[in-house]
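Take a look at the letters that make up each chain.
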Amino acid sequence: MRDSCECFQHDRRVDLATLDRRQFLRHLVGAGMLTTALTIAPASARAEKKLPKALVLSCIDYRILEAERYFLSLQNLGGQYDFTALAGASLALSGMPHQYDAEAFWDQLDISYRLHQIKKVLILDHQDCAVYQYKIDPNLAGNPELELSTHTEYLSRAYWAIRDRYPDLNIELYFVSLNTDVKQISPLAKVIT
């Protein structure tokens, strides 16, 4: 069988670019490269591309990433989300620690909304966030009630800021504890200034 496929002959090279489709595929199969051909097939030959369902904003803290991935899979997102990580998550939308963090989020949300037609945004803050301790209160993690209410306040601010710009998006707010519990947060009433 080896002699019947030109690509295995040692005395001559085959220029695959000059072959017609059938000859080309025969050489790929003969060379054991069919899987490679399938991965580079034109888009029309592959299954329909799935678009992300949501944009997820999370903190950069490595301690909560696995818990978040698991939680997002339980939300039937199954990896079908755009992911943005900014230190402080919801706090970043208020311009802390830097204004360019908020600008980065708005750019990512706009791209996700326009190109991927996302339907919702999920924001995941977490317990013992160093940015909240640095910018808001160094003792915040020592007072669980104050910590949750502070995160709820900034998650709510983020909620209303997104709602004002993208009224058709669903927005979900969450607080992730270090023991991997995820609590949904209801936004506080909008403060009109």
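Just so it is clear, the model here is predicted, and its values are computed rather than measured. Each chain has its residues counted from 1, running along the sequence as written. This being a predicted model, a pLDDT of at least 70 is required before a residue's local features are given, and a value of 80 or more before pairs of side-chain atoms are given or counted; all residues contribute to the totals for chains, interfaces and linings. Calculation of side-chain values draws on the structure's entire complement of heavy atoms; hydrogens and water are dropped beforehand.

**Q** Explain the pairing of strand β5 (residues 182–185) to me, and be specific about the residues and the numbers.
**A** In terms of strand pairing, strand β4 (residues 170–176) meets β5 through four bridges, oriented antiparallel. Bridged to V176 within β5 is V182. If you look at the hairpin formed by β4 and β5, you'll find five residues sitting between the two strands, and T180 has a positive phi there, around 75°. Here, a strand pair is defined by DSSP locating no fewer than two bridges between the strands. The numbering of helices and of strands both runs from the N terminus, where a helix is a DSSP run of H or I of at least 4 residues and a strand a run of E of at least 2.

**Q** Please provide a residue-by-residue account of the side chain of S177, values included.
**A** Summarising the element assignment, S177 is placed in the loop between β4 and β5. Within the structure, the side chain of S177 is placed 2.3 Å from the side chain of N179, a separation counted as a polar contact. Counting of polar contacts relies on pairs of N or O atoms within 3.5 Å, with two restrictions inside protein: one atom must be capable of donating a hydrogen and the other of accepting it, and residues adjacent in sequence are counted only when both atoms are side-chain atoms.

**Q** Please set out unusual backbone geometry residue by residue, giving values where relevant.
**A** Residues other than glycine seldom take positive phi values, yet N76 does so here, at roughly 65°. Residue position: N76 is located in the loop between α3 (65–74) and β2 (81–85). Located in the positive-phi region is A89, a residue other than glycine, with phi close to 50°.

**Q** Quick one: what's the story with α3, residue by residue and with numbers?
**A** Burial here depends on accessible area, computed with a 1.4 Å probe over protein chains only, as a share of the maximum for the residue type. Under 20% is buried, over 50% is exposed, and the range in between is partly exposed. For α3, the full list of buried residues reads A67, E68, F71 and L72. Down the axis, α3 shows its buried residues gathered within 130° of arc, on one side only. In α3, those exposed residues whose orientation departs by more than 90 degrees from the buried face are E66 and Y70. Buried residues in α3 make contact with β1 (54–58), β2, β3 (120–126), β4 and β5. It is the directions from the helix axis to the C-beta atoms that the arc portrays. Only heavy atoms enter the contact rule, under which two residues are in contact if any of them lie within 4.5 Å.

**Q** Describe in detail the nonpolar core, supporting the description with residues and values.
**A** In this text, buried Ala, Val, Leu, Ile, Met, Phe, Trp, Tyr and Cys residues form a nonpolar core when linked through side-chain atoms within 4.5 Å. Residues F105, L109, I123 and I162 are the most contacted members of the largest nonpolar core, which totals 30 residues. Mapped onto this core, the elements with two or more residues apiece are β1, α4 (90–93), α5 (99–116), β3, α6 (130–135), α7 (144–165) and β4. Here the element with the most residues in this core is α7; it accounts for five residues. Among the nonpolar cores identified, the runner-up in size contains twelve residues, and V56, I64, L72 and L77 belong to it.

**Q** So what's going on with the sheet that holds β2? Residues and values would help.
**A** A sheet is described by the order of its strands in space; here five strands give the open sequence β2-β1-β3-β4-β5, paired in mixed fashion. Either end of the sheet is taken by a strand with one partner, and the two such strands are β2 and β5. On average, adjacent strands in this sheet sit at an angle of 25° to one another, irrespective of strand direction. For β3 and β4, the ladder comprises seven bridges, and the chain directions are parallel. Residue V121 lies in a different strand from β4, and its bridge partner there is I171. Working convention: axes come from line fits to C-alpha atoms, limited for helices to the stretch in contact. Angles between N-to-C directions cover 0 to 180 degrees. Against the sheet, α3 makes contact with β1, β2, β3, β4 and β5, and its axis sits at roughly 155° relative to β2, the strand it touches most. α5 contacts β1, β2 and β3 of the sheet and is inclined by roughly 165° relative to β1.

**Q** How would you sum up the pattern of salt bridges? Please name residues and give values.
**A** Salt bridges are counted wherever a side-chain nitrogen of Lys or Arg sits within 4 Å of a carboxyl oxygen of Asp or Glu. Using the criterion set out here, one finds seven salt bridges in the structure. Of the charged contacts, one joins K120 and E172 as a salt bridge, the two residues approaching to 3.2 Å between their closest N and O atoms. Placement of K120 in strand β3 and of E172 in strand β4 is noted, with a sequence separation of 52 residues between them. Each member of the pair K120 and E172 is classed as buried. For K190, the salt bridge identified is with D164, shortest N-O distance 2.7 Å. In this pair, K190 is assigned in the segment after β5 and D164 in helix α7, connecting sequence segments 26 residues apart. Classification of K190 by relative accessible area gives partly exposed; the value is 38%. Three or more residues are tied together by salt bridges with common partners; here these are D61, R63 and D128.

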